[in-house]
Amino acid sequence: MIWKLRILFVLLFISNLSFSQVSGTVTDKNGETLPYVNIYTEDGLFGTTTNEDGKFQINIDKTGTYNIVFQFLGYETLRKNVAIKELPLILDATLQETTTNLEEVTINSKENPANKIIKQAIENRNKNLARLEQYTANYYSRGLWRIKNAPEKILGQEVGDLGGGLDSTRSGIVYLSETISNIAFKAPDDFKETILASKVSGDDNGFSLNSARESEFSFYKNTIGLNAKIVSPIADYAFNYYTYKLEGIFYADTGQLINKIMVQPKRPNDRVFSGYIYIVDNSWQIFGVELDTTGEAIQFSPIERLTFTQNFKYSEENKFWIKISQTVDFSFAMFGISGDGRFTAVYSNYNFTPQFEKSSFSREVMSFAEKANKKDSLFWKSLRPVPLTDEELTDYVRKDSIQILKTSKKYLDSVDTAQNSFNISNLAFGYSYANSYKKQRFSISSPLFGTHFNTVQGWNTNVTISYRKEQQENSGKYWRLKTQLNYGFSEDKLRYTAEFQQKFNNFSKPVLSISGGIETAEINDTNPISTRMNDIASLFFERNYLKLYQRKFGKIAWQQEVFNGLEIQTDLSFQDRSALLNTTDQYWVTNDDVQYTSNNPLQPDNFDSKPFLDHHIFKFNLAGKINFDQNYMSYPDGKYNISSNKYPTLYLGYEKGFAADISNYNYDQFKFWILQDLELGNKGSFGYSIKGGTFINAEAIAFVDYRHFDGNQTRIGNGSYLNKYNLLPYYQLSTNNNYLEAHAEHNFKGFILGKLPLLNKLNYNLVIGAHLLATKDNNPYTEYSVGLNNLGFGKYRFLRLDYVVSNFNGQQEGAFIFGLKFLGIFE
């Protein structure tokens, strides 16, 4: 206990030390503290903002005379000429509210004066966006998440104290981190961030998730990417979304006139902001923003509100207003958990004439300096531009003081003892046993959720037993043993598989897998129908869509990123494959004119027939994935890729069946897949997928090796529709010859329905799609669909409804497809 008190005393002592800094408190005329006031030296070398308590510290490390500017939206800019003879220095400031008026504005009854200003801002938007061609800057960020009144359990599972973040009231900070970085930018999209220091509360080995690139929100762009594309108040088409009101004008300390404009959405549930935007007269640049949006607007249900505040200062060097601070406040609530948080960013020491070289930028957009997470409290106290609030300081002190305890064997064992205890819910959700100190975990799945029905095995149950060992903390290295047991009651047969898997690092991510055993597998290897959906279709509707075969196999597989943008996967297996027959015709509900079919898709009415001869075969697969223009972030514990939608992703594959005991079953297949998702601003998103392939020497191969397609006969959809057919029978167009499939889907995300009265209040999305399948010796199969996405109530929007029309051989079929986005969790 004494050692903990000593640590607490030292941390509190350090936190109250003063360094070579100017610090103080900013208040209004009534003595109320002002949060997020921008404070900077006129030359731009030093800058900061006040914290939530109105306190600031600016890291001036030399005596001399400085012009220090205090700037805050809604208040008069204060400029103080300060002769600093010794450091540290206490410098408090009081700001006066800005008096806005309309007396100097000539009102034309025929035109809203705010509209005239916004039109000029829109007309100059691209020019102003291009003004910052290149720069370097210092960047500071802080992220904070709070939770309030968290429940003890969610769906029967213990929530815990979330890493020590929750107090006795089940409230508290669950994430607090900071970074200090150098950033560099060159138009149009070259970016580099080097994180010099990173701190995570309660984890001295952790690395912050904060990123300058991901927190860059420019309202000069037409849209802001926040799950959905939210329309900027000065977008080219902004007048389709907003109305504007000139609240008043005032003069900045530079003498330039600033227009304060209220932004109001025409349709509240549209992809819009509300609040204020401040526009500089004549240059039509942004002086500041105070804009809100909602979870409904960004179509992310847990979020209740997002508030963006950006402040700019005038750069004499660049003749441009540059961003010096940004805060993003958010609140959330779902499943009984609510809370709020904030991400703060401060930009300083801009250099607009950097001497970039060809090697200055690469695909690596973020990296960490050596020992970035090992900076001590003295370092942070001297360089942190925004002082900690009392709440944040207390969180650091408390979590850092108990960190050693929480990583000790005694503490981890006590936590494991509590969590490893068996309870009745384990029968439904499975059981796991952990030894956190040794980084080991054992788990066994629930036979309840693993129980299914099909006409081949009848009732059958699956149990998965796994053991995982982390080899080194935060390294990504692990090895795992997994075995799966399956028993079919109707056929009275036990099947089992085992797998060993090892991941060697988190950079190129090489993974070795060795597996083998005996199992049932779906003849259609796209697995178009889930086992749970087949349970329902069989027992209630007498439709046994799941067609199975048995394979005894041994397999070795390897995957790895060869270099940035190229991943390879390869495997070699031996398979002894046997066709299976139905062993039961059990069902729960009688359906007239409907009966089970055989397990042979080629002869559904011949219950003694088999789709292929029993045989064994060796199979080799080699596949490559190419992500063009892929950027990545380098963390000390791994490489994390950032996919680009600028170019499509390309998959190339080769599959070979050889050494079969039936020689006609040997074959070769070459295949490709191209897919891309395109964000189209306020018009939504468009995605397409094109797959194709050809077989060689495959005239008489086993039906199980045909190219099968992801069809649907259940009228229930699940997951993405971009790579599947909604009405295609599972085996109707399976082929051992040339094939081409194409899919396209456009999600308007409010572009159309958001403009329709009454309908726009529902926040649904209009989705249209088209699908094509071409196989040799067959006419093309096509589908067209129109549907509604984001269906549901309140925060729970897991549904989708489409009407699909298919055409094949002159026959047209139409049906509704009901989509369940959450269906996969019950597999």
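Before reading on, note that the structure itself is shown above.
This section reports on the structure supplied with the text. Just so you know, the residues in each chain are numbered from 1, in the order the chain's sequence is written. Only residues with pLDDT of at least 70 get local features here, since the model is predicted, and only at 80 or more are side-chain atom pairs given and counted; chain-wide, interface and lining totals rely on the full set of residues. Heavy atoms throughout the structure, all of them, feed into the side-chain values; hydrogens and water do not.

**Focus: the side chain of E783**
Next, step 1: Numbered from the N terminus, helices here are DSSP runs of H or I no shorter than four residues, and strands are runs of E no shorter than two. Structurally, the position occupied by E783 is in strand β42 (residues 781-793).
Next, step 2: Of the side chains with opposite charge, R715 lies nearest to the buried E783, which makes no salt bridge, at 8.2 Å.
Next, step 3: At a separation of 2.9 Å, a polar atom in the side chain of E783 contacts the main-chain amide nitrogen of N726.
Next, step 4: Reaching out from E783, the side chain makes a polar contact with the side chain of Y781 at a distance of 2.5 Å.
Next, step 5: In this structure E783 touches Y725, N726, L727, L728, G769, A770, H771, V804, V805 and S806, once residues within four positions along its chain are discounted. For each residue, the accessible area found with a 1.4 Å probe, counting protein chains only, is set against the maximum for its type, and the residue is called buried under 20%, exposed over 50%, and partly exposed in between. For the purpose of charge, His is not counted, nor are the chain termini; Lys and Arg are scored as positive and Asp and Glu as negative. Salt bridge, as used here, is a side-chain nitrogen of Lys or Arg placed within 4 Å of a carboxyl oxygen of Asp or Glu. In protein, a polar contact means a hydrogen-donor-capable atom and an acceptor-capable atom, both N or O and within 3.5 Å, with residues adjacent in sequence counting only if both atoms are side-chain atoms; elsewhere, any N or O pair within 3.5 Å suffices. Any pair of residues with heavy atoms lying within 4.5 Å of one another is described as a contacting pair.

**Focus on helix α7 (residues 409-420)**
Next, step 1: Here α7 contains twelve residues, and its C-alpha end-to-end distance of 15 Å stays within 8% of the 16 Å for a straight helix at 1.5 Å per residue.
Next, step 2: The set of residues buried in α7 consists of L412, D416 and N420. The arc that holds every buried residue of α7, seen down its axis, measures 60°, which confines them to one face. Those residues of α7 that are exposed and aimed more than 90 degrees away from the buried face are K410, T417 and A418. Residue count minus one, scaled by 1.5 Å, sets the expected span of a helix. Throughout, the arc means that of the directions going from the helix axis to the C-beta atoms.

**Structural notes on the packing of aromatic side chains**
Next, step 1: Centres within 6.5 Å are what make two rings of Phe, Tyr or Trp a pair, Trp counting through its six-membered ring; a difference in plane orientation under 30 degrees is then read as stacked, over 60 as edge-to-face, and the rest as tilted. Considering all chains together, one arrives at 55 aromatic pairs under this definition.
Next, step 2: Here F504 and W558 contribute two aromatic rings whose centre-to-centre distance is 5.9 Å and whose plane-to-plane angle is 40°, an arrangement assigned as tilted. Taken together, the residues span a long stretch of sequence, with F504 in the loop between β29 (493-503) and β30 (511-522) and W558 in strand β31 (residues 548-563) at a distance of 54 residues.
Next, step 3: In this structure F504 comes out as partly exposed when scored by relative accessible area, which is 31%.
Next, step 4: A relative accessible area of 29% places W558 in the partly exposed class.
Next, step 5: Consider the rings of F618 and F658, whose centres lie 5.7 Å apart with planes at 25°: the pair is stacked. Pair noted here: F618 is in strand β33 (residues 615-627) and F658 is in strand β36 (residues 649-658), with a separation of 40 residues, a long-range link.
Next, step 6: By relative accessible area, which is 28% here, F658 ends up partly exposed.

**What about the pattern of salt bridges?**
Think of it this way: side chains of opposite charge can pair up when their charged atoms draw near.
Next, step 1: On inspection of all chains with the given rule, the structure shows 38 salt bridges.
Next, step 2: Ionic pairing is found between D340 and R146, a salt bridge with its closest N-O pair at 2.9 Å. On the criterion of sequence distance, the pair formed by D340 in strand β22 (residues 337-351) and R146 in strand β9 (residues 134-148) is long-range, its members being 194 residues apart.
Next, step 3: Residue classification places R146 among the buried positions, given a relative accessible area of 13%.

**A look at a nonpolar patch on the surface**
Next, step 1: What makes a patch is a set of residues exposed beyond 30% relative accessible area and free of salt bridges, joined within 9 Å when like-charged and within 5 Å when nonpolar (Val, Leu, Ile, Met, Phe, Trp, Tyr). All accessible-area figures derive from a Shrake-Rupley calculation using a 1.4 Å probe, and residue coverage is judged against the displayed protein chains alone. On the surface, a nonpolar cluster with roughly 510 Å² of combined accessible area is contributed by I768, V786, L801, Y803, F816 and F818.
Next, step 2: Elements represented by at least two residues in the nonpolar patch include exactly β43 (796-808) and β44 (811-820).
Next, step 3: By the secondary structure assignment, L801 is in strand β43.

**Let's talk about the environment of K625**
Next, step 1: One can find K625 in strand β33.
Next, step 2: According to the relative accessible area criterion, K625 is partly exposed, its value standing at 24%.
Next, step 3: Spatially, the C-alpha atoms of K625 and I674 are 9.9 Å apart, while their sequence positions differ by 49 residues.
Next, step 4: Among residues more than four places away in sequence, those in contact with K625 are G565, L566, E567, T649, L650 and Y651.

**Details of the side chain of N128**
Next, step 1: Mapped onto the fold, N128 is located in helix α3 (residues 125-129).
Next, step 2: Aside from chain neighbours lying at most four places away, what touches N128 is Y220, S283, W284, Q285 and F320.

**Side note on the nonpolar core**
Next, step 1: Here the nonpolar core consists of buried residues drawn from Ala, Val, Leu, Ile, Met, Phe, Trp, Tyr and Cys, with membership extended through side-chain atoms lying within 4.5 Å. In this structure, L226, Y242, I261, F273, I277, I286 and F287 are the most contacted members of the largest nonpolar core, which totals 67 residues.
Next, step 2: Residues within four places of Y242 in sequence aside, it is in contact with V231, S232, P233, V263, Q264, P265, K266, R271, V272 and F273.
Next, step 3: Core analysis: the next-biggest nonpolar cluster, separate from the first, contains 39 residues, I529, I617, Y665 and F808 among them.

**A few points about the sheet that holds strand β3 (residues 47-49)**
Next, step 1: Strands were regarded as paired on the criterion that DSSP finds at least two bridges between them. Sheet architecture is open: four strands sit in the order β3-β2-β5-β6, paired in antiparallel fashion. If you trace the sheet from one side to the other, it starts and ends with β3 and β6 (78-84), each paired once. In this sheet, neighbouring strand axes are inclined to one another by 20° on average, regardless of whether the strands run parallel or antiparallel.
Next, step 2: The sheet contact formed by strand β2 (residues 38-41) and strand β5 (residues 64-71) spans four bridges and is antiparallel. Across the sheet, Y40 pairs through a bridge with V69, a residue of β5. Think of each axis as a best-fit line through the C-alpha atoms, taken over the contacting stretch in the case of a helix, with angles from 0 to 180 degrees between the N-to-C directions.

**Details of unusual backbone geometry**
Next, step 1: L87 connects to P88 through a cis peptide bond whose omega is 0°.
Next, step 2: A cis amide bond links A187 with the next residue in sequence, P188, at an omega value of 5°.
Next, step 3: Position of P188 relative to the elements: it lies in the loop between β12 (172-186) and β13 (190-200).
Next, step 4: With phi around 75°, N227 is a residue other than glycine that occupies positive phi space.
Next, step 5: When you line up the elements, N227 lands in the loop between β14 (223-226) and β15 (228-231).
Next, step 6: At N282, a position not held by glycine, the phi torsion is positive, near 75°.
Next, step 7: Relative to the helices and strands, N282 resides in the loop between β18 (274-280) and β19 (286-294).

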